[in-house]
Amino acid sequence: MAKRKRLTPATGLSESVLPETETHTGAGFGPRPGARAPIADVAGQAAAQAALETLADEVARNRREGRVVQSLPLQSVVEDHMVRDRMSQDAGDQAVLEASLRARGQQTPIEVVEIAEGRYGLISGWRRLHALRRLHAETGEARFAVVQALIKPVETVSDGYVAMVEENEIRANLSFYERARLACEAARLGVYPTPSEAVRVLFAHAPAAKRSKINSFVRLCEALGAHLAYPETIPEKLGLSLVSALEREDGFARRLKEALRKSPPADAAAERRVLERVLRPPAPAAAAPEEVAPGVRLQTSRGRIVLSGKGITPDLAQALREFLARR
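Sequence positions are assigned chain by chain, starting from 1 and proceeding in written order. Whole-chain, interface and lining totals are the exception, using all residues; otherwise, since this is a predicted model, local features are given only for residues with pLDDT of at least 70 and side-chain atom pairs are given and counted only at 80 or more. Calculated side-chain values reflect all of the structure's heavy atoms, with hydrogen atoms and water omitted.

Draft legend 1. Spatial organisation of the overall build of the protein. Secondary structure assignment for the protein yields eleven helices and ten strands. Here the protein holds 327 residues, and 31% of them are scored as buried. Contacts in the protein between residues at least 24 apart in sequence constitute 63% of all its contacts with a sequence separation of at least 6. Note on areas: Shrake-Rupley, 1.4 Å probe, and residue coverage restricted to the protein chains presented here. A total accessible area of about 21,100 Å² is found for the protein, and carbon and sulfur atoms account for 54% of it. Secondary structure counts use DSSP, requiring at least four H or I residues in a row for a helix and at least two E residues in a row for a strand, with both numbered from the N terminus. Categorising residues by exposure relies on relative accessible area from a 1.4 Å probe, with only protein chains included: less than 20% of the type maximum marks a residue as buried, more than 50% marks it as exposed, and the intermediate range marks it as partly exposed. In this analysis, two residues are considered to be in contact whenever any of their non-hydrogen atoms come within 4.5 Å of each other.

Draft legend 2. Main features of the nonpolar core. Within the largest apolar cluster, 43 residues are counted, with the highest numbers of intra-cluster contacts made by Tyr161, Leu202, Leu220 and Leu256. The set of elements that each furnish at least two residues to this core consists of helix H4 (157-171), helix H5 (176-188), helix H6 (195-202), helix H7 (208-224), helix H8 (236-248), helix H9 (252-262) and helix H10 (268-279). Ranked by residue count, the leading element in this core is H5, at seven residues. In terms of nonpolar packing, the next biggest core, distinct from the first, is built from 18 residues, Val77, Val112, Leu129 and Leu132 among them. The criterion is simple. A nonpolar core is a set of buried Ala, Val, Leu, Ile, Met, Phe, Trp, Tyr and Cys residues joined through side-chain atoms within 4.5 Å.

Draft legend 3. Spatial organisation of the sheet that holds strand E7 (residues 146-151). Taken in spatial order, the five strands of this open sheet run E3-E7-E5-E6-E4, and their pairing is mixed. In the strand order of this sheet, the two ends are held by strand E3 (69-73) and strand E4 (77-78), each with one partner. Whether two strands pair comes down to DSSP finding at least two bridges between them. Strand direction decides the pairing type here: E4 and strand E6 (residues 119-124), joined by two bridges, are parallel. When the sheet's bridge partners are listed, valine 77 is paired in E6 with tyrosine 120. Relative to E6, helix H3 (residues 126-139) is tilted by about 125°, and along the sheet it contacts E4, strand E5 (110-116), E6 and E7. Every axis in this analysis is a line fitted to C-alpha atoms, fitted for helices over the stretch in contact. Angles between the N-to-C directions lie between 0 and 180 degrees.

Draft legend 4. Up close: the sheet that holds strand E9 (residues 296-301). With antiparallel pairing, the three strands of this open sheet are ordered in space as E8-E9-E10. In the strand order of this sheet, the two ends are held by strand E8 (290-293) and strand E10 (304-308), each with one partner. Between one strand axis and the next, the sheet turns through 35° on average, direction left out of account. For E9 and E10, the ladder comprises five bridges, and the chain directions are antiparallel. Following the sheet pairing, serine 301 is matched in E10 by arginine 304.

Draft legend 5. Layout of the packing of H9 against H10. One can describe the packing of H9 onto H10 by two numbers: an axis separation of 10 Å at closest approach and a directional angle of 140°. Compared by their axis directions, H9 and H10 come out oblique. At the point where H9 passes H10, the crossing takes the right-handed sense. Between H9 and H10, the residues in contact are Phe252, Arg255, Leu256, Ala259 and Leu260 and Glu271, Val274, Leu275, Arg277, Val278 and Leu279, respectively. Classes in brief: Ala, Val, Leu, Ile, Met, Phe, Trp, Tyr, Cys and Pro nonpolar; Asp, Glu, Lys and Arg charged; the others, Gly included, polar. Its residues assigned to classes, the contact of H9 with H10 shows eight nonpolar, no polar and three charged. Convention used here: angles under 35 degrees read as roughly parallel, angles over 145 as roughly antiparallel, angles from 65 to 115 as roughly perpendicular, and any remaining angle as oblique. Helix crossings fall into two classes, left-handed where the near helix is turned counterclockwise from the far one by less than a right angle and right-handed where it is turned clockwise.

Printed below as a string of structure tokens:
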């Protein structure tokens, strides 16, 4: 019986020289498991590179536009870079904020502007910055040594003030006096030509009625700001009444300053009582005594009649009683 020959690949072909994408299976040629064509690798790498470049461009653009939160050392933030609109802080509110930072960390970034390499001027987030500094001084924990911040692309000083106002108009319950004081200070520093122009720009999105009230408080700030110890606590109604009195009565500012000098208020409530007292109309001066009969002088004041002199006798007193009784 003839010996059967073993089948072999065609002459000149062997597995070692078959294309990488094919393998001999016995029944035919097919893809080798896990193998990819070189053109697919190149296309995939190009797509991945393009995606990375797009992502890098997006991150860079977000960073330029101040939308990327960055960790900054506390000491790199200059809080007095601009005049702040907030004049004081409520101790209770600050304690709540510090408790939240202890428990959950900083949830909302502050806003800053780069003023030099590694130095950032505070735009908004004054309370958060103060709370972090207090916590770091108290605990020494590294997590309180940095602040999460958005570095805003502020081009002008005016832009910085507008950004601060817009942030605090949303988050902070500022008084009308604090808003007016900011406008006065911004004008004094030359950021705006006048306080009224500062109000127009800084509070451009506020209703016209609100801007009008801020301008009224500007007049109060200019006339009495240096003499008030707690002006940020003045309620809207009282402040507008003070401005009305300033415009109506020439000597009102002088009377108010004198009253504050004579009774330096110990707290905001005491200062408010002084302001309200001076607002009340002054008592009319008592009329000079008039001699209405020999030896009898009559003087009138609010709600009173005073008779005096040597002519006041028991008979006159009795006659006066009878006269009044008949009326």
